[in-house]
Amino acid sequence: ISGILQYTIEGVEYIQNLAPDTITVKPDPQLYLKYFHSRDAFSDDPFTIPVEPAIPFQLGLLIENRGYGDANDVQIVSSQPEIVENEKGLLINFAIIGSRLGNTP
């Protein structure tokens with residue numbers, strides 16, 4: 001890239017060629033997050049006497065980079081799931097019991 005600097009001082013026009021140089025344009029990554037989960041979750045039935053064990057529920061996250069730049073050192077900070085609606089008023093508790101990246105626990 002190069003250019004010309006042109007300006008006028010007290011009626012005198014000055015033109016200066018600028019030295020060419022190389023620039024690097026780095027495209028940005030554009031990350032899209034898609035959460036998905038099992039359709040059904042199974043745990044204790046509060047209306048029966050025996051206590052049934054909870055079965056682990058899978059929550060997944062798919063990250064897609066639709067941008068042209070690399071997404072280096074991506075980190076996900078997670079917390080316990082939060083119930084935002086509970087129409088039946090059922091007692092429930094969550095615990096994150098594990099995680100994995102690809103096939104690596």
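None of the values given here were measured: they were computed from a predicted structure.

Draft legend 1. Expanded view of the overall build of the chain. Helix and strand content of the chain: zero helices and four strands. Written out in order from the N terminus, the α and β elements of the chain read β-β-β-β. Against the compact-globule benchmark of 13 Å for 105 residues, the chain has a radius of gyration of 29 Å, which places it well outside the compact range. Taken along its principal axes, the extent of the C-alpha atoms in the chain is 95 × 35 × 20 Å. Among the 105 residues that make up the chain, the fraction classed as buried is 3%. Element-wise, carbon and sulfur atoms account for 54% of the exposed surface of the chain, whose accessible area totals about 10,600 Å². Averaging the positions of the 6 positive and the 14 negative side-chain charges in the chain gives two centres separated by 11 Å.

Draft legend 2. The packing of aromatic side chains, seen in detail. Tallying each qualifying case throughout the model produces one aromatic pair. Taking 5.3 Å as the distance between ring centres and 20 degrees as the angle between the ring planes, the aromatic pair formed by Tyr7 and Tyr14 counts as stacked. On the accessibility criterion, Tyr7 (36% relative accessible area) is partly exposed. Residue placement shows Arg66 over the ring face of Tyr32; its charged tip is 3.9 Å from the ring centre.

Reading the values: the criteria
Residues numbered from 1 in each chain as written. Predicted model: local features only at pLDDT ≥ 70, side-chain atom pairs only at ≥ 80, totals over all residues. Heavy atoms only, no water. Helix = DSSP H or I, 4+ residues; strand = E, 2+ residues; numbered from the N terminus. Rg over C-alpha atoms; globule rule 2.2 N^0.38 Å. Buried < 20%, exposed > 50% of the residue type's maximum accessible area, 1.4 Å probe, protein only. Areas by Shrake-Rupley, 256 points an atom, 1.4 Å probe, with all protein chains shown as cover. Lys, Arg positive; Asp, Glu negative; His and termini not counted. Charge placed at Lys NZ, Arg CZ, Asp CG, Glu CD. Phe/Tyr/Trp six-rings, centres within 6.5 Å; stacked < 30°, edge-to-face > 60°. Lys NZ or Arg CZ within 6 Å of the ring centre and 35° of its normal.

Keep in mind these values describe shape, not function.
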